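# Structural overview for review
What follows is each chain in one-letter form.
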Amino acid sequence: MGNPRPLTPNERTTLDMLLAADFPGAVELRAQAARARVIGRCGCGCPTIDLAVDEATPRSPKKESVAVEADVPDGGLIVFVADGRLSCLEYWTTADETPTEFPPPGQITW
């Protein structure tokens, strides 16, 4: 883990788009996302990031699970929650070449 940093515009757009969906706990996760910080990154070079959120924000009723998933060409995006808090924004792929950025919003589908 390096020093916590703000989300890049690309990371912010991706997270906000995924959390715009209506699902149980979305309101709390959106509040957490507004002040989320990146605390780590996947070692393979993909854009997957580990998140930390302000402890003062409300916890989501989702405790240990996938909060929301979406499809992208040759893969998908997953927002993970641990103990009611955002913990990871993952980009998985089946493509031969590992992407280094999250896909543009127009490529994200549910």
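Everything discussed here concerns the structure shown above.
Residues numbered from 1 in each chain as written. Predicted model: local features only at pLDDT ≥ 70, side-chain atom pairs only at ≥ 80, totals over all residues. Heavy atoms only, no water.

### Considerations on unusual backbone geometry
Positioned with a positive phi, Asp-74 is a non-glycine residue whose angle comes to about 60°. The phi torsion at Asp-83 lies on the positive side, around 55°, for a residue other than glycine. Within the secondary structure layout, Asp-83 lies in the loop between β4 (75-82) and β5 (85-93). (Helix = DSSP H or I, 4+ residues; strand = E, 2+ residues; numbered from the N terminus.)

### Regarding the sheet that holds β5
With antiparallel pairing, 5 strands are arranged side by side in an open sheet as β1-β2-β5-β4-β3. Since the sheet does not close on itself, it has two edges, and those belong to β1 (37-41) and β3 (64-72), each with one partner. For this sheet the average axis-to-axis angle between neighbouring strands, irrespective of direction, equals 20°. Strand direction decides the pairing type here: strand β2 (residues 49-52) and β5, joined by 2 bridges, are antiparallel. Within the sheet, the bridge partner assigned to Asp-50 lies in β5 and is Cys-88. Sheet contacts for helix α1 (residues 9-19): β1, β2, β3, β4 and β5; angle to β5, the most-contacted strand, approximately 105°. Set on the sheet, helix α2 (residues 26-33) makes contact with β3, β4 and β5; between it and β5 the angle comes to about 90°. (Pairing = 2+ DSSP bridges. Axes fitted to C-alpha atoms, helices over the stretch in contact; angles between N-to-C directions. Contact = heavy atoms within 4.5 Å.)

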